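Chain residues, written in single-letter form:
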Amino acid sequence: MAVLQQELTLGEAADQLARALPGHRVEILQGRLTVTPPPDGSHGLSLTKFCRALERAGIAGSGAEWIQGVGLWLPTLPADFAIPDLSVVDDDFRDAHVTKNYYAPNVFRLVVEITSSNWSDDLGPKVECYAQAGIPAYLVVDRKHDEVLLYTEPADGKYPDPQRFERGQGVALPGSVGVRVELPVDTLLDG
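A brief report on the enclosed structure follows. Because the structure is predicted, anything quoted here is derived from the model rather than measured. (Residues numbered from 1 in each chain as written. Predicted model: local features only at pLDDT ≥ 70, side-chain atom pairs only at ≥ 80, totals over all residues. Heavy atoms only, no water.)

## Here we look at the sheet that holds strand 11 (residues 147-152)
- Across the sheet, which stays open at both edges, the 6 strands sit in the order 3-6-9-10-11-12 with mixed pairing between neighbours. Looking at which strands have only one partner, the edges of the open sheet turn out to be strand 3 (64-68) and strand 12 (163-165). Averaged over neighbouring strand pairs, the angle between their axes works out to 15 degrees when direction is ignored.
- Examined bridge by bridge, strand 6 (residues 86-90) and strand 9 (residues 108-114) share 4 bridges and lie antiparallel to one another. Bridge assignment links Val 88 to a residue of strand 9, and that residue is Leu 110. (Pairing = 2+ DSSP bridges. Helix = DSSP H or I, 4+ residues; strand = E, 2+ residues; numbered from the N terminus. Axes fitted to C-alpha atoms, helices over the stretch in contact; angles between N-to-C directions.)

## Notes on the pattern of salt bridges
- All told, the structure shown has 12 salt bridges when counted by the stated rule.
- Measuring nitrogen to oxygen at the nearest pair gives 2.5 Å for the salt bridge that ties Asp 121 to Arg 32. Here Asp 121, found in helix 3 (residues 119-123), pairs with Arg 32, found in strand 2 (residues 32-36); they are 89 residues apart in sequence, far enough to count as distant.
- A residue is classified by how much of its surface remains accessible, and Asp 121, at 8% relative accessible area, is buried.
- Ionic pairing is found between Asp 122 and Lys 126, a salt bridge with its closest N-O pair at 3.5 Å.
- Looking at Lys 126, the relative accessible area reads 2%, which means it is buried.
- Each of Glu 27, Glu 113, Asp 122 and Lys 126 takes part in salt bridges that share partners, so that together they form one network. (Salt bridge = Lys/Arg side-chain N within 4 Å of Asp/Glu carboxyl O. Buried < 20%, exposed > 50% of the residue type's maximum accessible area, 1.4 Å probe, protein only.)

## Re the nonpolar core
- If you look at the biggest cluster of nonpolar residues, it comprises 27 residues, and the most contacted ones within it are Phe 50, Leu 54, Leu 110, Leu 139, Val 148 and Leu 173.
- Those elements that place two or more of their residues in this core are helix 2 (41-56), strand 6, strand 9, strand 10 (137-142), strand 11 and helix 5 (185-190).
- For this core, the leading source of residues is helix 2, giving 5 residues.
- With sequence-adjacent residues up to four places away left out, Val 148 is seen in contact with Leu 139, Val 140, Val 141, Gln 163, Arg 164, Phe 165, Val 171, Val 185, Leu 188 and Leu 189.
- Membership of the second largest hydrophobic core comes to 24 residues, among which are Val 70, Leu 74, Ala 131 and Ala 133. (Core = buried A, V, L, I, M, F, W, Y, C linked by side-chain atoms within 4.5 Å. Contact = heavy atoms within 4.5 Å.)

## Quick notes on helix 4 (residues 125-132)
- Of all 8 residues making up helix 4, 6 are buried, and the element is well covered by its neighbours.
- Of all the positions in helix 4, only Pro 125, Lys 126, Val 127, Cys 129, Tyr 130 and Ala 131 are classed as buried.
- Following helix 4 by one or two positions, Gly 134 has its phi on the positive side, about 80 degrees.

## Brief notes about the pairing of strand 10
- Across the 6 residues of strand 10, 6 count as buried, placing the element largely inside the fold.
- The two faces of strand 10 match: Ala 137, Leu 139 and Val 141 on one face and Tyr 138, Val 140 and Asp 142 on the other face are all buried.
- Relative to strand 10, strand 9 runs parallel, the two sharing 4 bridges. When the bridges of strand 10 are listed, Ile 114 appears paired with Val 141.
- Here strand 10 pairs with strand 11 via 6 bridges, running antiparallel.

## Description of the environment of Ala 137
- Topologically, Ala 137 is positioned in strand 10.
- Separated by 36 residues in sequence, Ala 137 and Leu 173 have C-alpha atoms that sit 8.5 Å apart.
- In this structure Ala 137 touches Arg 109, Leu 110, Val 111, Tyr 151, Thr 152, Tyr 159, Pro 174 and Ser 176, once residues within four positions along its chain are discounted.

Right under this line is the structure:
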């Protein structure tokens, strides 16, 4: 009996994986398909506390919104996209819809990643992709190395060296976010 095989595009493979693995995050970074398992409780709690801080700072009515798990179209390769843990976007971001659930990078003010088992993606390809996309600020809560990194002001498709924050310090979000927020590193790392 012959078995017919159909070759899938990278985007089609990503769609199939996303349907087959509910709760997992499927992304294409620099032409490479990545799958991240569902986050743990500390990861989720860190995001919750981050969002509460944005709300307390008055993000509503500032021209910006926070949103979890929205697709970011990346200009690195035709099929590339990421789904940051948290994004601060212009409040009219839906007008920048590109395809599927992906939006153009020009409406993103900040993207946040909290490392999980795929920490090397957050510290490598995503730094490069977000810089090439011109994302003004990228915050990495690096639970693997117990620090927080803030990349800002990309130029020529690259971020300068990040600001590094250790336990006991606070991280002030850059002005691109649109509200003044300072978050304790310990809260970001521990949830």
